[in-house]
Amino acid sequence: MTTQIFLASTLYGTATLAAALDTGCFDAADRRILLVSNNAPTPETTPSVDAMPGFERLRGRFDDVVSWNEAIFPFHPGGWSPRLEDVPLWERHLRLAWGLGDDDVALAVESVQVQPALGVAQIFTDAPLTVYADGLMSYGPTRTKLAPLVGTRVERLLHLDLVPGLAPLLLTEFGVEPEIVPSPAFTKVLAELADTGAGASLQADTGAGLPDVERPAVLLGQYLSALGILSAEEEEDLHVRMLTGAAGLGHTRVVFKAHPTAPARFSRVLEREAEKLGVDLTVVERPVLAEVLFQRTRPALVVGCFSTALLTASALYGLPVARVGTETLLDRLTPYENSNRVPATLVDALLPDLADAAAVAEGRRGMDADALAALVRTVGFAMQPRVLPELRPAAEAYLRAYLDARTWRYFKKRRLTSLGLPGGIPARLGFLPHNSTARRVVRRARAIRRSLGG
C-alpha cells in the first residue's frame, strides 16, 4: 500500500496541489491524505484551511483530511520540532492515529526548511519528498542550510510559472529539478472557487465590456506592520497611496482586499480618503483569494506592494498591475537574508511603479528574463553565501557590471563588504567604520551639509 501525505497551510497552496493532482504530477496512490496546518499566531481564533470558503470544492482530491495542530497539541506548528530521540515514537504514533499501518509514505510539503514541513519530513525519515511552492519565495535561495538527511530526499520542486523564463533557486544546492504546474490547470481550479465566500457577494464579470476607467481597480493589503517591516501608520499611508494613485489614473471604482488579520482602522482610513476623492470603494474583509476577485471583477488594474497575487494577476490572468512601496520595503527588510527579499526584488524589478502613469498604461516591464535571472542569482548569493557558494563568480561579475543608482536598492553596502563583494568598502579601508575619529568627521560633515541645505 502507498499513501501520499500533502501538507498545506493555505488555500492557495491547496489549490496548487489540486492543480498538480489534476494534471498527473503525482503518481497513483492507494490513499491520499491532506494534512492541514494552521500556522497563524493564534490558531484558536483563525480559521484553518479546511474551514475556508471554497475548501469543499477542493476536498474531493483527497481521501482524508487530518490536522497537524491536533496531532501535536498543545504545541504550535510554527515553533515545535520533534527531538531526535523521539522521532521513532512520533512516527509510530502518527501511523496509528492516521491509520497508515506499514504503508509506504511519500510526502509533499511547502517550505521544507522551516516548521511544520521540516518536522513532518524528519518524522517520516524514509519518505521521498516533493516540495511545492506557495508563492514567490521559491525563486529565492533556501533560507537555511538544510540537513542532508532531509535535502537529499527531495526529488523535485513543483511551482507555478509566475515569472516566465526564471528558474527557482530553492533547493538547487541539492540538484533538485524544478517542475512547472501548468497554469491552465491552476486557473481552472481557481475558477471552481469563484462563487464561494466573499467572492460570491461580488457581481460576476462586473468589468465585462466596460472601458478600463469604469472597471474596478483592486488594491491588495498585506498587513506588513504585523511583520515589523512598517509601522501601522506607515502601512495606512501605503494603502492611501494605492488609492490616490489609482484615482489619479482615473479609476472611480476600487475594491480593497484587506488582509484578514489587519485592524479595522486600515479600512476606515481608506473609506475617509475615498469619500474625499469621490471614489466608490468596496472593502472585502472576509477571507477570499485575490484570484477569486480577479475572476469576479476582471479589474482594470491590480495594485499592491509585493504580494504574490500581483504576479498571478499579470502572468496567469493578463491583468495590468502596478507596485507601491517596494523601494522602502527593500530598505527595511532585516536581516538581509529575510526570505521576503526575493519576492520584493521580483516585484520591484518587473512591475511599473504606480506613480509612473505612462509605464502603468503601457504595461511596461522593468527587466528582461536574462537580466532578472542575473539579478536574482546575485541577490540569492548575497542572502545565503554558505548555501550557494558556487554563485560567487556570477555575483561578482554582475556587481562589477551593473551596480548603479537603479540596482543599489537590492543590496546593502555592509552586506557586500562583509562578503568581500564589489560595491563594498575596500579591504584597505575596512578600519574606517570602527574608527571613532572617522565617525565624528563624517557626522560633522553631514551636519554642515544639512545646515547649508545640501
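Reading the values: rules and limits
- Residues numbered from 1 in each chain as written.
- Predicted model: local features only at pLDDT ≥ 70, side-chain atom pairs only at ≥ 80, totals over all residues.
- Heavy atoms only, no water.
- Core = buried A, V, L, I, M, F, W, Y, C linked by side-chain atoms within 4.5 Å.
- Buried < 20%, exposed > 50% of the residue type's maximum accessible area, 1.4 Å probe, protein only.
- Helix = DSSP H or I, 4+ residues; strand = E, 2+ residues; numbered from the N terminus.
- Pairing = 2+ DSSP bridges.
- Axes fitted to C-alpha atoms, helices over the stretch in contact; angles between N-to-C directions.
- Phe/Tyr/Trp six-rings, centres within 6.5 Å; stacked < 30°, edge-to-face > 60°.
- Contact = heavy atoms within 4.5 Å.
- Right-handed = clockwise from strand over helix to strand, strands pointing away.

A.B. asks: What exactly am I supposed to notice about the nonpolar core here?
C.D. replies: Generally speaking, a soluble globular protein has its nonpolar side chains buried in company with each other. Core analysis: the biggest nonpolar cluster contains 111 residues, and F26, L162, V163, F294, L346, L372 and F411 have the highest contact counts within it. The leading source of residues in this core is helix α15 (residues 369-383), at nine residues. Membership of the second largest hydrophobic core comes to 33 residues, among which are I5, V109, V131 and L157.

A.B. asks: In this structure, what is going on with the sheet that holds strand β6 (residues 154-160)? I would like to understand it.
C.D. replies: Sheet strands line up and pair through hydrogen bonds in the backbone, either parallel or antiparallel. The sheet built from seven strands is open, its strands ordered β3-β2-β1-β4-β5-β6-β7 with parallel pairing. The sheet is open, and its two borders are formed by β3 (64-67) and β7 (177-181), each paired with just one other strand. The average angle at which neighbouring strand axes cross in this sheet is 25°, direction not considered.

A.B. asks: Can you help me understand the packing of aromatic side chains in this one?
C.D. replies: What describes a pair of aromatic rings is the distance from one ring centre to the other and the angle between the planes of the rings. Enumeration according to the criterion identifies 11 aromatic pairs in this entry. Ring centres 6.0 Å apart and planes at 70° place the aromatic pair F294 and Y317 in the edge-to-face group. Here F294, found in helix α10 (residues 290-297), pairs with Y317, found in helix α11 (residues 308-317); they are 23 residues apart in sequence, far enough to count as distant. According to the relative accessible area criterion, F294 is buried, its value standing at 0%.

A.B. asks: Just to check I follow, could you spell out the side chain of R95 for this structure?
C.D. replies: Within the secondary structure layout, R95 lies in helix α4 (residues 87-97). On the basis of relative accessible area, R95 is assigned to the buried category, the value being 18%. For R95, the residues in contact, after removing those within four places along its chain, are L100, G101, D102, D103, V105 and F124.

A.B. asks: For this particular structure, what's the right way to read the pairing of strand β1 (residues 2-8)?
C.D. replies: Within a regular strand, side chains alternate between the sheet's two faces. Counting buried positions along β1 yields six of seven residues, so the element is predominantly enclosed. Where β1 and strand β2 (residues 31-36) come together, six bridges link them in parallel fashion. Bridge pairing in β2 places A8 opposite V36. With helix α1 (residues 11-22) bridging β1 and its parallel neighbour β2, the resulting β-α-β unit is right-handed.

A.B. asks: Even after reading the chapter, I still don't get the environment of R241, so can you show me in this structure?
C.D. replies: Take R241: it is sitting in helix α8 (residues 232-248). Sequence separation between R241 and V87 is 154 residues; the distance between their C-alpha atoms is 50 Å. Beyond its immediate sequence surroundings of up to four residues, R241 is in contact with V324, G325 and L354.

A.B. asks: Looking at this structure, how should I read the sheet that holds strand β11 (residues 301-304)?
C.D. replies: One open sheet accounts for five strands, arranged β10-β9-β8-β11-β12; its pairing is parallel. If you trace the sheet from one side to the other, it starts and ends with β10 (280-284) and β12 (321-323), each paired once. The mean inter-strand angle of the sheet, taken between neighbouring strand axes irrespective of direction, is 20°.

A.B. asks: Sorry, what's going on with unusual backbone geometry here?
C.D. replies: Of all residues except glycine, most have a negative phi; of all peptide bonds, most are trans. The step from F73 to P74 runs through a cis peptide bond, and the omega angle for that step is 15°. In this fold, P74 is placed in the loop between α3 (68-72) and α4. Cis geometry marks the peptide bond from Q115 to P116; its omega dihedral reads 5°. Within the secondary structure, P116 sits in the loop between β4 (104-109) and α5 (117-123). Although it is not a glycine, Y223 sits at a positive phi angle of roughly 60°. With respect to the element layout, Y223 can be found in the loop between β8 (217-220) and α8. The backbone of R298 sits at a positive phi, close to 45°, despite the residue not being glycine. For R298, a relative accessible area of 30% translates into the label partly exposed.

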